[in-house]
Amino acid sequence: MRFEARPQRILLPVSGFFMTFTILCALLFNLLPWRDITGVPDLLALVLVFWGVRQPRKVSVGVAWGLGLIMDVSNGALLGQHALAYAILAFAANALSRRLLWFPQWPQALHVLLMLLGCQLIMLTVRMAAGSPFPGVLYFLGSFICAGLWPLTSMLLLAPQRRPESVDENRPI
Amino acid sequence: MELQPPPLFSLGPAPLVRLAFFVSLAVLLMVLDARFRYAETLRNAMAVVAYPLQRAAMSPVDLFNGIAGFFASQSSLQRENDTLRSKVLQASRDTLTLEALQSENAQMRRLLEAREKMPGKTHFAEILYSGRDPFSRKVVIDKGSLQTISAGQPVMDETGVIGQVTRVFPMMAEVTLITDKEQATPVQVVRNGLRGVAYGDGATLDLRFMAANADIQNGDMLVTSGIDGIYPAGLPVARVARVERDAAYAFARIQCEPAAGASQHRQVLVLLQETSLTAPPEADAQPASKQSRAKRGAKRRE
């Protein structure tokens, strides 16, 4: 695989407001009243991985831990379950941030799939250690959906940084 | 120490150190929450923070319901009206019978000088959302400790018991459904008065520890037995769906369908009645009798 062939685009600096907004949207998606549907994608984890890869200085372990705590409380889950899983997820995303972006979109999605599955596996281990039953194989479906959404997510979340810095009215293209 | 980077490049603690810190914090929280229940104050504080977020997440659903209600056709409204009217007729008939029975019951209780039960107060609540946690069956209702809801109160809808309040926040409360794995409900078979305990089993209930020759049939109605002092007696809980009797096991395997539709309705009732918890008699009686026996023995020895 040749990596140097693809042109790299210089992006605008990220806006903190937009980052907060996307994370808030993903959190709201997770808090929607999902009745007993298993396999709902965890969009907050996906967005955390995205910003953890793109902005490792801004979105790191601490932010992920706090968001995980909010998820725990609003789901009535074991306190610290999401916090633990998200903290490790954010650490993995930060650690992979220099390597991941050299790959094309779908190999990137494979990396993301592994990270999200690991995150779910941590939660499963914690809950089964605390005495809960196995929720079924469909529990892992959410990670596959999330990994499938990775190219779309990176396109949408990078769009504000892809704008031209100053619009030139006289430019031919 | 002299190799410290200049403040321009200082990034705080190393990532691995940060990870170790937060992971140990999370593990500490989990142990505190699962083993000792010390984390409730933190959970309450976080719940107050998360409350506006949850209301915001509910707003598209409310909006959709509002729009759907606006466009409800006249025929469906007419049909609903008819069914409601027939239900009201039936209910009023039942109420009349109930009033007669209640007065009769009250009189007999007075005759027996039995302690009169307080009339049960109820609190109307709405299900905000059901937890996303695939490991447990819980719903969150929109009334909390500000509305005198407290942990332990039973929750029902118009068809039967749906669960019990297990955790209370200022403006909402968590209800563990009877189908949760850790929820046990004391029940009684209506047909013959046989008592048992129904445990949650994910989507259904499991009537455990009933002898293989117990008199239980498909379609038997299970109601709360009321001997726990928490649930009032006689509320429908479940209907027996399948009975497996295997000679290899001492107990029959009995599966029951919950009577109430916890996943269908949004309106529930929380029963606010005072729970009359009296300590089980063995707890106090046995040591006392032992003591008295010891005293008697001592007296004899004297």
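Owing to the predicted nature of the structure, the values given are computational and were not obtained by experimental measurement.

1. Examining the overall build of chain B
Here is step 1: On a plain count of helices and strands, chain B comes out with four helices and 12 strands.
Here is step 2: For chain B, contacts bridging at least 24 residues in sequence account for 56% of all contacts bridging at least 6.

2. Topic: the overall build of chain A
Here is step 1: On a plain count of helices and strands, chain A comes out with eight helices and zero strands.
Here is step 2: Put simply, chain A runs from its N terminus to its C terminus through helices and strands in the order α-α-α-α-α-α-α-α.
Here is step 3: In terms of overall dimensions, chain A has C-alpha extents of about 65 × 35 × 30 Å along its principal axes.
Here is step 4: The proportion of buried residues among the 173 residues of chain A is 38%.

3. Quick word on the interface of chain A and chain B
Here is step 1: Taken residue by residue, the interface counts 39 residues in chain A and 36 residues in chain B.
Here is step 2: Looking at the side of chain A that touches chain B, the elements with two or more residues in it are helix 1 (16-31), helix 3 (61-75), helix 4 (81-95) and helix 6 (105-129) of chain A.
Here is step 3: Considering each element in turn, the side of chain A that touches chain B owes the most residues, eight residues, to helix 3 of chain A.
Here is step 4: Classifying every residue of the side of chain A that touches chain B gives 25 nonpolar, 11 polar and three charged.

4. Concerning the pairing of strand 2 (residues 138-141) of chain B
All names here are of chain B.
Here is step 1: Residues Lys-138 and Val-140 point to one face of strand 2 and Val-139 and Ile-141 to the other, with burial holding for every one of them.
Here is step 2: Sheet analysis places strand 1 (residues 122-130) next to strand 2, joined by three bridges and oriented antiparallel. By the bridge assignment for strand 2, Ile-127 is matched with Ile-141.

5. Section: the nonpolar core
Here is step 1: Counting 96 residues, the largest nonpolar core has Leu-48, Tyr-86, Ala-87 and Leu-89 of chain A as its most contacted members.
Here is step 2: When near neighbours in sequence (up to four residues on either side) are disregarded, Ala-87 of chain A contacts Val-61, Ala-64, Trp-65 and Gly-68 of chain A together with Leu-19, Phe-22, Val-23 and Ala-26 of chain B.

6. A short note on the pairing of strand 8 (residues 204-208) of chain B
Residue and element names in this part refer to chain B.
Here is step 1: Burial of strand 8 is one-sided: the residues Leu-205 and Leu-207 facing one way are buried, the residues Thr-204, Asp-206 and Arg-208 facing the other way are not.
Here is step 2: Two elements, strand 7 (residues 195-201) and strand 8, share five bridges in a ladder whose sense is antiparallel. Note on strand 8: the bridge partner recorded for Ala-198 is Leu-207.
Here is step 3: Hairpin remark: strand 7 followed by strand 8, antiparallel, with two residues in the connecting loop; positive phi at Gly-202, about 85 degrees.
Here is step 4: Pairing of strand 8 with strand 11 (residues 253-258), which is carried by three bridges, proceeds in the antiparallel orientation. By the bridge assignment, Leu-205 is partnered in strand 11 with Cys-256.

7. A few points about the sheet that holds strand 5 (residues 173-177) of chain B
Residues and elements named next belong to chain B.
Here is step 1: On the basis of which strands lie adjacent, the closed barrel formed by six strands has the order 1-2-5-4-3-12 and antiparallel pairing. In this sheet, neighbouring strand axes are inclined to one another by 45 degrees on average, regardless of whether the strands run parallel or antiparallel.
Here is step 2: Relative to strand 5, strand 2 is paired through four bridges, and the arrangement is antiparallel. Note that in strand 5 the partner of Lys-138 across the bridge is Thr-176.

8. Section: the packing of helix 1 of chain A against helix 2 (residues 43-54) of chain A
Residue and element names in this part refer to chain A.
Here is step 1: Viewed as axis vectors pointing N to C, helix 1 and helix 2 meet at an angle of 160 degrees, and their least axial separation amounts to 8 Å. Taken together, helix 1 and helix 2 sit at an angle that is classed as roughly antiparallel. Every residue of helix 2 that contacts helix 1 at Met-19, Thr-22, Ile-23, Ala-26, Leu-27, Phe-29 and Asn-30 is listed here: Leu-43, Leu-44, Val-47 and Trp-51.

9. Focus: the environment of Ile-145 of chain A
Residues and elements named next belong to chain A.
Here is step 1: As for its placement among the helices and strands, Ile-145 is situated in helix 7 (residues 141-148).
Here is step 2: Residue classification places Ile-145 among the partly exposed positions, given that 15 C-beta atoms sit within 10 Å.
Here is step 3: Along the chain, Ile-145 and Gly-39 lie 106 residues apart, while their C-alpha atoms are 8.5 Å from each other.

10. What about helix 2 of chain A?
Three or four residues apart is the spacing at which side chains of an α-helix point the same way, because the helix has 3.6 residues per turn.
Here is step 1: With 12 residues, helix 2 of chain A extends 16 Å between its outermost C-alpha atoms, agreeing within 8% with the 16 Å of an ideal straight helix rising 1.5 Å per residue.
Here is step 2: Restricting attention to buried positions, one finds in helix 2 of chain A the residues Leu-43, Leu-44, Ala-45, Leu-46, Val-47, Leu-48, Val-49, Phe-50, Trp-51, Gly-52, Val-53 and Arg-54 of chain A.

11. Observations concerning the domain arrangement of chain B
Accessible area lost on assembly of the parts is the figure often given for the size of an interface.
Residue and element names in this part refer to chain B.
Here is step 1: Assigned domains of chain B: these are domain 1 (14-70) and domain 2 (122-271).
Here is step 2: The distance between the C-alpha centroids of domain 1 and domain 2 comes to 26 Å.
Here is step 3: The interface is formed by six residues belonging to domain 1 together with five residues belonging to domain 2.
Here is step 4: For the side of domain 1 that touches domain 2, the class distribution of residues is four nonpolar, two polar and no charged.

12. Points about unusual backbone geometry
Residues and elements named next belong to chain B.
Here is step 1: The backbone of Thr-148 shows a phi angle near 60 degrees, a positive value even though the residue is not glycine.
Here is step 2: If you trace the backbone, Thr-148 turns up in the loop between strand 2 and strand 3 (154-157).
Here is step 3: At Phe-209, a position not held by glycine, the phi torsion is positive, near 55 degrees.

13. Describing the packing of helix 1 of chain A against helix 2 (residues 40-70) of chain B
Here is step 1: At a minimum axis distance of 9 Å, the contact between helix 1 of chain A and helix 2 of chain B shows a crossing angle of 70 degrees. With respect to their mutual orientation, helix 1 of chain A and helix 2 of chain B come out roughly perpendicular. In contact with Leu-27, Leu-28 and Leu-31 of chain A of helix 1 of chain A, helix 2 of chain B contributes Leu-53, Gln-54, Ala-56 and Ala-57 of chain B.
Here is step 2: Considering only residue class, the contact of helix 1 of chain A with helix 2 of chain B consists of six nonpolar, one polar and no charged.

14. Things to note about the sheet that holds strand 10 (residues 236-244) of chain B
All names here are of chain B.
Here is step 1: Strands sit in the order 6-7-8-11-10-9 around a closed barrel of six strands; the barrel is antiparallel. For this sheet, the mean inter-axis angle between neighbouring strands, taken without regard to orientation, is 45 degrees.
Here is step 2: Two strands pair when backbone bridges link them, and strand 9 (residues 221-224) and strand 10 are joined in this way by three bridges, in the antiparallel orientation. When the sheet's bridge partners are listed, Val-223 is paired in strand 10 with Pro-236.

15. Observations concerning the confidence of the model for chain B
All names here are of chain B.
Here is step 1: With 82% of its residues at a pLDDT of 70 or more, chain B has an overall mean of 80.
Here is step 2: The model gives residues 284-302 a pLDDT under 50, and that stretch makes one contact with residues more than four places away or in other chains.
Here is step 3: Across the interface, the model reports ipTM at 0.84; the global pTM reads 0.71.

Conventions adopted
Residues numbered from 1 in each chain as written. Chains lettered and ligands numbered in written order. Predicted model: local features only at pLDDT ≥ 70, side-chain atom pairs only at ≥ 80, totals over all residues. Helix = DSSP H or I, 4+ residues; strand = E, 2+ residues; numbered from the N terminus. Contact = placed C-beta atoms within 7 Å. Buried ≥ 20, exposed ≤ 12 C-beta atoms within 10 Å, placed from the backbone. Nonpolar A, V, L, I, M, F, W, Y, C, P; charged D, E, K, R; others polar. Pairing = 2+ DSSP bridges. Core = buried A, V, L, I, M, F, W, Y, C linked by C-beta atoms within 7 Å. Axes fitted to C-alpha atoms, helices over the stretch in contact; angles between N-to-C directions. Parallel < 35°, antiparallel > 145°, perpendicular 65-115°, else oblique. Expected span 1.5 Å × (residues − 1). Domains from an automatic or database assignment. pLDDT = per-residue confidence, 0-100.

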